[in-house]
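Coordinate inspection notes
If you want the building blocks of each chain, they are given just below.
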Amino acid sequence: MKLKKLALLGAAVLGFSTAALAQINVGVTVSATGPAASLGIPERNTFALMPKTIAGQPVNYIVLDDASDTTQAVTNTRRLISERKVDVIIGSSTTPNSLAMIDAVAEAKTPMISIAASAAIIEPQDEKKRWVFKTPQNDIMMALAIADHMASNGVKTAAYIGFADAYGEGWYREFAKALELKKIQLVANERFSRTDTAVTGQVLKIMAAKPDAVLVGGSGTPAALPQKTLKERGYTGKYYQTHGVANADFLRVGGKDVEGTYLPAGPVLVAEQLPASNPVRKAATEYVKAYEGAHGKGTVSGFGAHAWDAGLILQAAVPAALKKAKPGTPEFRAALRDALENDVKEVAGAHGIFNMSPKDHLGLDQRARVMVRIENGQWKYQP
């Protein structure tokens, strides 16, 4: 009888220990190859820098490459959920991929933290998108920064050329709204594909409209193509890009053709240039130090920082979820979703301060943007 009691007690203790140390599985899909590789590579690298425990629980990051392909992104997501039993999905690198993944995470009732930009990923909130959060700044926040800068610099007319996908369309809508607020006329609206090798036709139409400034609504290295073509054709107006080009690869590919370009960006891009009073400077500098310590001076990008911030909000939410359930269960996934929505408060990330709520699954404010100019192949903070 005593032996039976001891065995039962031992099993109870073992069960408690197993629950206490249950592993948190984090499924990740990023675009480490393909047209969006300049986004996905620093994101993938960033997960190697993340903590291996959260609130005393071991964390396992399972990182897959979706090759910048929407179908592969969905396949990865379903595989991570069904085969690896992940507690949360982080990804993907691009808006089209992230939008395609929403059905899969909603069906499985698994929270997802996107590291792509479009507000359409989380808005409007509904039964599916209630499972989805994101860390990059919304397009409208950045579009307003561009329109403000244009207006302050005498721009009266502007043209737009963007990706022929959800990212490009989203940026066009927000840019058009921002221009209207500033009484700037939009005189041209063109599209190109991420894999295009020539945009001469679109550029000729833009130049015929004679805009004071052009915004390229693209991300990564493909966004350099329209600007290089405009330069070749002799366009001398002002050039703007989105925060989707905030990495060293864009500077390398664009070369002298992107000199003088303006763009809105997360503070992390110019962390060391920020005034000491900037509330994001400390957190941004910490990420820069960690990433460049592993990969070398000048290698940091805004994209890796979006992944870093996903890790930070996860760290803020996990303790509350652990009070309700153990990892690896539907109850934990539901509790983690609730915690991401209700317990991420004043979390200082590399890009801004996060305060999420049931109505806001991003939680960033104007502290998450600065204007930057490309000077001598470097990012230059514009106070």
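First, a word on scope: everything that follows refers to the structure included in this document. (Residues numbered from 1 in each chain as written. Predicted model: local features only at pLDDT ≥ 70, side-chain atom pairs only at ≥ 80, totals over all residues. Heavy atoms only, no water.)

1. A word on the overall build of the chain
- Scanning the chain from N- to C-terminus turns up twelve helices and 15 strands.
- Relative to the compact-globule value of 21 Å for 383 residues, the chain shows a C-alpha radius of gyration of 22 Å, a close match.
- Taken along its principal axes, the extent of the C-alpha atoms in the chain is 95 × 40 × 35 Å.
- Across the 383 residues that make up the chain, the buried fraction comes to 55%.
- Taking all contacts inside the chain whose residues are at least 6 apart in sequence as the whole, residues at least 24 apart take part in 68%.
- Roughly 15,700 Å² of accessible area belongs to the chain as shown, and the carbon and sulfur atoms make up 54% of that amount.
- For the chain, the centre of its 44 positive side-chain charges and the centre of its 36 negative side-chain charges are spaced 4 Å apart. (Helix = DSSP H or I, 4+ residues; strand = E, 2+ residues; numbered from the N terminus. Rg over C-alpha atoms; globule rule 2.2 N^0.38 Å. Buried < 20%, exposed > 50% of the residue type's maximum accessible area, 1.4 Å probe, protein only. Contact = heavy atoms within 4.5 Å. Areas by Shrake-Rupley, 256 points an atom, 1.4 Å probe, with all protein chains shown as cover. Lys, Arg positive; Asp, Glu negative; His and termini not counted. Charge placed at Lys NZ, Arg CZ, Asp CG, Glu CD.)

2. So, the side chain of Thr242
- Relative to the assigned elements, Thr242 resides in the loop between strand S10 (238-241) and helix H9 (248-254).
- Within the local environment of Thr242, its side chain forms a polar contact with the backbone oxygen of Gly218, the two atoms lying 3.0 Å apart.
- A distance of 3.0 Å separates a polar atom in the side chain of Thr242 from the backbone nitrogen of Gly244.
- Among all residues touching Thr242, those that are not within four sequence positions of it are Tyr167, Trp171, Leu215, Val216, Gly217, Gly218, Leu263 and Pro264. (Polar contact = N/O pair within 3.5 Å; in protein donor to acceptor, adjacent residues only side chain to side chain.)

3. Regarding the layout of surface pockets
- Size it by volume and the largest pocket reaches roughly 370 Å³.
- Going through the elements one at a time, H9, helix H10 (281-295) and strand S15 (378-382) are the ones with two or more residues in the lining of the largest pocket.
- Of the residues assigned to the lining of the largest pocket, the class counts are nine nonpolar, five polar and five charged.
- By volume, the second largest pocket is sized at about 170 Å³. (1 Å grid on protein atoms, 1.4 Å probe; cavity = no way out; pocket = protein on both sides within 12 Å on 5 of 7 lines; lining within 4 Å. Points joined across faces, edges and corners; volume = space filled by probe spheres on them. Nonpolar A, V, L, I, M, F, W, Y, C, P; charged D, E, K, R; others polar.)

4. Side note on the sheet that holds strand S5 (residues 112-114)
- Taking strand neighbours across the sheet as the criterion, the six strands line up as S2-S3-S1-S4-S5-S6 in an open arrangement whose pairing is mixed. At either margin of the open sheet sits one strand with a lone partner, and together these are strand S2 (53-54) and strand S6 (132-134).
- Two strands pair when backbone bridges link them, and S2 and strand S3 (residues 57-65) are joined in this way by two bridges, in the antiparallel orientation. Bridged to Ile54 within S3 is Gln57.
- This element, helix H2 (residues 37-47), spans strand S1 (24-30), S3 and strand S4 (88-91) of the sheet and lies at about 165 degrees to S1. (Pairing = 2+ DSSP bridges. Axes fitted to C-alpha atoms, helices over the stretch in contact; angles between N-to-C directions.)

5. Some details on empty space enclosed by the protein
- One pass over the structure, following the stated rule, counts two cavities of 30 Å³ or more.
- Space inside the largest cavity adds up to approximately 110 Å³.
- Around the largest cavity sit 15 residues that line it, and Leu39, Ser93, Ala117, Tyr167 and Phe303 are the ones nearest its centre.
- By residue class, the composition of the lining of the largest cavity is seven nonpolar, seven polar and one charged.
- Taken as a whole, the second largest cavity spans an internal volume of roughly 30 Å³.
- Forming the boundary of the second largest cavity are His243, Ala246, Gly266, Gly302, Phe303, His306 and His351.
- Broken down by class, the residue content of the lining of the second largest cavity amounts to two nonpolar, five polar and no charged.

6. With respect to the side chain of Thr135
- Looking at the secondary structure, you find Thr135 in the loop between S6 and helix H5 (139-152).
- Here Thr135 falls in the buried class, since its relative accessible area comes to 0%.
- Within the local environment of Thr135, its side chain forms a polar contact with the backbone oxygen of His306, the two atoms lying 3.0 Å apart.
- Beyond its immediate sequence surroundings of up to four residues, Thr135 is in contact with Ile113, Ser114, Ile115, His306, Asp309, Ala310, Ile313, Phe354, Leu362 and Leu364.

7. Details of the pairing of S15
- A one-sided burial pattern is seen for S15, the buried positions being Trp379 and Tyr381 and the unburied ones Gln378, Lys380 and Gln382.
- Summarising the sheet, strand S14 (residues 370-375) and S15 pair through five bridges and their orientation is antiparallel. In the sheet register, Met371 faces S15, and the bridge partner there is Gln382.
- Where S14 hands over to S15, the hairpin turn is made up of two residues, of which Asn376 adopts a positive phi near 55 degrees.

8. Observations regarding the packing of helix H11 (residues 302-322) against helix H12 (residues 330-342)
- Contact geometry of H11 with H12 gives a least axis separation of 8 Å together with a crossing angle of 125 degrees. On the basis of the axis angle, H11 is oblique to H12. Between H11 and H12 the crossing geometry is right-handed. In contact with Ile313, Leu314, Ala317, Val318, Ala320, Ala321 and Leu322 of H11, H12 contributes Phe332, Ala335, Leu336, Ala339 and Leu340.
- Taken together, the residues that form the contact of H11 with H12 break down as twelve nonpolar, no polar and no charged. (Parallel < 35°, antiparallel > 145°, perpendicular 65-115°, else oblique. Left-handed = near helix turned anticlockwise from the far one by under 90°.)

9. Considering the environment of Ala271
- Tracing the sequence through the fold places Ala271 in the loop between strand S11 (262-265) and H10.
- On the basis of relative accessible area, Ala271 is assigned to the buried category, the value being 3%.
- Leave out the neighbours within four places in its chain, and Ala271 touches Arg281, Ala284, Thr285 and Val288.

Fair warning: the whole summary comes from geometry, so function is off the table for now.
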